[in-house]
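Next come the chains, spelled out residue by residue.
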Amino acid sequence: MAFQKPTGTQDLLPGTVEKWQYVEEKVRDISRRFNYREIRTPIFEQTELFVRGVGETTDVVEKEMYTFKDKGDRSMTLRPEGTAGVVRSFVENKLYGEPDVTKLYYVGPMFRYERPQAGRQRQFHQFGIEALGATDPAIDAEVIAMGYQLCVELGLKDVRVEVNSVGNASSRAAYRQRLLDFLLPMKDTLCKDCQSRIERNPLRVLDCKVDQDKFTDAPSILDSLDEECSTHFAKVQSYLNDMNVEFTLNSRLVRGLDYYTMTAFEFKAQGIGAIDTIGGGGRYNGLVGDLGGPDQPGIGFGMGLERIQLILEHQGIAADTSKPLDVYLIPLGEAAEREVTKQLFLLRQAGIAAERDYLNRKMKAQMKAADRLHTRYTAILGDDELERGEIALKAMATGEQRTVRLDELKDALI
Ligand code: HAM
């Protein structure tokens, strides 16, 4: 019986993996420049962490989690996102005790049981950052600017940044009431999801794809912000202006996870149909406390790496991923074969990417194999050369051939 990969997962084969490595290198490089350090947390956590962290009424927790009982009868969940685990680790390892703002980034797989389509997988990958310990609006602007800059450096075109403030708990309570006054009279005309959501999480109703058009006159959350939130948000915007990061205000932007407070934002790009969001994030000033830590604020974003790949491809942006082989060694004869095995190891030890034939093929077939690998040089070792302690080195681009001493092969290639 032949097996197939699970629905909503992908095999990243050689040729594609290099495109991922290209993005991952950019991600690590920009993280270094913005002074974020890598954190790696487990891929599964206690289910309760996500229920509390992400929120009981979110789609993620209600419908999309990969939850299972382990052999000790504990409920575990494959992480559907990165923030809850990072915050759990921040609390558990008492990183809040450090004197500076804790700036962390992560790259890795996340799991959500969703209906797969282009850019939506059940196992997908995120690059995310989290800055914990500061409320300064300069951090909000930095986080947004970093996501924007990453998109620019990846070469993505038409990237849009949308920002909003979803307020603190008290402004949201005020807004919730205004929104309910607007939504309840039209409840019967809304889709099933919205009808069930309306009382539990009315802000999410605004995000409904089906009923969008009915909400054009909905009250704006920005009118319900208290002094603290609106001053904070005004500063975030002025910093973004100072940095020349273009953004649009979208007072309807409510994120799908419950921990957000104040600044919320998304990065979007045209060209991937219904799914146009590359990433998003925001502030979560209550989450550390909710997960058993001290009262410490946080902000971050998550970007989907599948989405980035999709847009890169859609926009025809070819990453320079070619990493050609340096040399292909071709032995002619048994003695030469033995020498080649040794030389190959010496070259690789010296940092040179080298390969040989293992299928006992004729010289012509070996030359073809070297061609397929786009190797820069082939090095041919016959018995005569071996006796003289030499090897024939051919530059594949020019066809130029010269003889070098075997003990100088490494230096010749370097
Ligand atoms: P999120 O908006 O749920 O936020 O996910 C962030 C990004 O992950 C999305 O914009 C999308 O690019 C990608 N993504 C989500 N689900 C899928 C999927 N099923 N298939 C492919 N890509 C997907 C978060 O996860 C927050 N933890 C972000 C954050 C960090 N907020 C603060 N800090």
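You'll find the structure just up there.
A. Examining the packing of helix 5 (residues 137-154) against helix 9 (residues 227-242) more closely. Running from N to C, helix 5 and helix 9 cross one another at 45°; their axes reach a closest spacing of 8 Å. Here helix 5 lies oblique to helix 9, going by the angle between them. Here helix 5 runs over helix 9; the crossing is right-handed. Only H232, K235, V236, Y239 and L240 of helix 9 make contact with helix 5, whose side of the interface consists of P137, A138, D140, A141, I144 and A145. Residues belonging to the contact of helix 5 with helix 9 are distributed by class as follows: eight nonpolar, one polar and two charged.

B. Main features of the layout of surface pockets. What the second largest pocket holds in volume is close to 480 Å³. The wall of the second largest pocket is formed by 21 residues, among which R172, N201, L203, D258 and Y260 lie closest to the centre. It is helix 6 (residues 169-183) that contributes the most residues to the lining of the second largest pocket, four residues altogether. Here the lining of the second largest pocket is built from residues that sort into ten nonpolar, four polar and seven charged.

C. Representation of the site of the ligand. In the vicinity of the ligand, 27 residues are found, and the nearest of them are E81, E114, R255, Y260 and I278. Y259 is positioned such that a nitrogen or oxygen atom in its side chain is 3.0 Å from a nitrogen atom of the ligand. Residue G300 places a main-chain N or O atom 3.5 Å away from a nitrogen atom belonging to the ligand. Burial of the ligand by the protein chains amounts to 95% of its free accessible area of 660 Å². Within the residue set of the shell around the ligand, elements represented by two or more residues are strand 6 (123-132), strand 10 (277-283) and strand 11 (298-304). With six residues, strand 10 is the single largest residue contributor to the shell around the ligand. Split into classes, the residues belonging to the shell around the ligand amount to eight nonpolar, twelve polar and seven charged.

D. Fine view of the sheet that holds strand 2 (residues 44-46). If you trace the three strands from one edge of the open sheet to the other, you get 2-4-3, paired in antiparallel fashion. This sheet does not close on itself; its edge strands, each paired only once, are strand 2 and strand 3 (67-69). In this sheet, neighbouring strand axes are inclined to one another by 35° on average, regardless of whether the strands run parallel or antiparallel. As defined by bridge partners, strand 2 adjoins strand 4 (residues 75-78) across three bridges and the pair is classed as antiparallel.

E. Layout of the packing of aromatic side chains. Within this structure, the stated rule accounts for nine aromatic pairs. When the centroid spacing of 5.8 Å and the interplanar angle of 75° are considered together, the rings of F127 and F301 count as edge-to-face. In this pair, F127 is assigned in strand 6 and F301 in strand 11, connecting sequence segments 174 residues apart. Comparing F127 with F301, the two get one shared label, buried. Relative to Y260, the ring of Y259 lies with its centre 4.8 Å away and its plane at 65°, an arrangement referred to as edge-to-face. Per residue, the accessibility class of Y259 equals that of Y260, and both read buried. Taken together, the aromatic side chains of Y105, F127, F265, F267 and F301 make up a single cluster linked through ring pairs. Here the guanidinium or amino end of R122 rests over the ring plane of Y113, the centre of that ring lying 3.8 Å away.

About the thresholds
Residues numbered from 1 in each chain as written. Predicted model: local features only at pLDDT ≥ 70, side-chain atom pairs only at ≥ 80, totals over all residues. Heavy atoms only, no water. Axes fitted to C-alpha atoms, helices over the stretch in contact; angles between N-to-C directions. Helix = DSSP H or I, 4+ residues; strand = E, 2+ residues; numbered from the N terminus. Parallel < 35°, antiparallel > 145°, perpendicular 65-115°, else oblique. Left-handed = near helix turned anticlockwise from the far one by under 90°. Contact = heavy atoms within 4.5 Å. Nonpolar A, V, L, I, M, F, W, Y, C, P; charged D, E, K, R; others polar. 1 Å grid on protein atoms, 1.4 Å probe; cavity = no way out; pocket = protein on both sides within 12 Å on 5 of 7 lines; lining within 4 Å. Points joined across faces, edges and corners; volume = space filled by probe spheres on them. Near = heavy atom within 4 Å. Polar contact = N/O pair within 3.5 Å; in protein donor to acceptor, adjacent residues only side chain to side chain. Areas by Shrake-Rupley, 256 points an atom, 1.4 Å probe, with all protein chains shown as cover. Pairing = 2+ DSSP bridges. Phe/Tyr/Trp six-rings, centres within 6.5 Å; stacked < 30°, edge-to-face > 60°. Buried < 20%, exposed > 50% of the residue type's maximum accessible area, 1.4 Å probe, protein only. Lys NZ or Arg CZ within 6 Å of the ring centre and 35° of its normal.

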